[in-house]
Amino acid sequence: MLAFPVGFKIYLAVEPVDMRKQFNGLWAMAAEKLREDPRSGAVFVFCNKDRDRVKMLYWDGTGVWVMAKRLEKGRFSWPIGSDAVKLSVAPEALTMLLAGIDLKDGCKKAWYER
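Everything numeric here is computed off the predicted structure, so don't read it as measured data.

1. Overview of the pairing of strand S2 (residues 43–47)
(1) Moving on: Judged by how many residues are buried, S2 sits mostly within the fold: five of five residues are covered.
(2) Moving on: Neither face of S2 is open: one carries Val43, Val45 and Cys47, the other Phe44 and Phe46, and all of them are buried.
(3) Moving on: The sheet contact formed by strand S1 (residues 10–13) and S2 spans three bridges and is parallel. Bridge pairing in S2 places Tyr11 opposite Phe44.
(4) Moving on: Chirality of the crossover, the property in question, places the unit of S1, helix H1 (residues 23–33) and S2 among those that are right-handed.
(5) Moving on: Where S2 hands over to strand S3 (residues 53–59), the hairpin turn is made up of five residues, of which Arg51 adopts a positive phi near 60 degrees.

2. Digging into the environment of Val54
(1) Moving on: Counting through the fold element by element, Val54 comes out in strand S3.
(2) Moving on: Overall, the relative accessible area of 2% leaves Val54 in the buried class.
(3) Moving on: Separated by 26 residues in the primary sequence, Val54 and Ala28 have C-alpha atoms spaced 17 Å apart.
(4) Moving on: Those residues in contact with Val54, other than ones at most four positions away along the chain, are Met19, Val45, Phe46, Cys47, Met67, Ala68, Lys69, Phe76, Trp78 and Leu98.

3. Digging into the packing of aromatic side chains
(1) Moving on: Scanning all chains against the criterion turns up three aromatic pairs.
(2) Moving on: Both rings, one in Phe8 and one in Tyr58, keep their centres 5.6 Å apart while their planes meet at 40 degrees; by these two values the pair is tilted. A residue pair is termed long-range when its members are at least 10 positions apart, and Phe8 in the segment before S1 and Tyr58 in strand S3 qualify at 50 residues.
(3) Moving on: Ring geometry for Tyr11 against Phe44: centres 5.8 Å apart, planes inclined by 20 degrees, an arrangement best described as stacked. Here Tyr11, found in strand S1, pairs with Phe44, found in strand S2; they are 33 residues apart in sequence, far enough to count as distant. Take Tyr11 and Phe44: they sit in the same class, and that class is buried.
(4) Moving on: Positioned above the aromatic ring of Trp59 is the side chain of Arg39, whose terminal nitrogen or guanidinium carbon lies 5.3 Å from the ring centre.
(5) Moving on: Lys86 extends its terminal NZ or CZ atom over the ring of Tyr11, reaching a point 5.3 Å from the ring centre.

4. A word on the sheet that holds S2
(1) Moving on: Here five strands make up an open sheet; going across it, the order is S4-S3-S2-S1-S5 and the pairing mixed. Here the strands that pair on one side only, and so sit at the sheet edges, are strand S4 (64–70) and strand S5 (86–89). Strand-to-strand, the axes of this sheet are offset by a mean angle of 20 degrees, without reference to chain direction.
(2) Moving on: In the sheet, S3 pairs with S4 via seven bridges, with the strands oriented antiparallel. Among the inter-strand pairings, Arg53 is bridged to a residue of S4, identified as Arg70.
(3) Moving on: On top of the sheet, H1 reaches S2, S3 and S4; it is set at about 80 degrees to S3, its chief contact.
(4) Moving on: Taken strand by strand, helix H2 (residues 91–98) contacts S1, S2, S3, S4 and S5, and its axis lies near 45 degrees from that of S1.

Reading guide: rules and limits
Residues numbered from 1 in each chain as written. Predicted model: local features only at pLDDT ≥ 70, side-chain atom pairs only at ≥ 80, totals over all residues. Heavy atoms only, no water. Buried < 20%, exposed > 50% of the residue type's maximum accessible area, 1.4 Å probe, protein only. Helix = DSSP H or I, 4+ residues; strand = E, 2+ residues; numbered from the N terminus. Pairing = 2+ DSSP bridges. Right-handed = clockwise from strand over helix to strand, strands pointing away. Contact = heavy atoms within 4.5 Å. Phe/Tyr/Trp six-rings, centres within 6.5 Å; stacked < 30°, edge-to-face > 60°. Lys NZ or Arg CZ within 6 Å of the ring centre and 35° of its normal. Axes fitted to C-alpha atoms, helices over the stretch in contact; angles between N-to-C directions.

This is the structure:
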């Protein structure tokens, strides 16, 4: 399980992103589309149109990390916010989202249950 410390800034891109994007493409998305500084130490989370893949971009002060997750079954329950471009979420919310918990209903998706 991937977890981030309390107080970490996390931004979800509301619109889907082409998952072929790598370091430079995701960096450009964070800077131009989300209008945030990728060097701020925040985690930027992007999802594809089918919502079965997620990529995260993070600058640790010495270099850029790109982390990816592909679901074998099901889809991520991507939240919708008041902003049409990005959504700021707490680290706990990202952990739940990546664990298959529907943030709207607060329960695990059936395909994620063991």
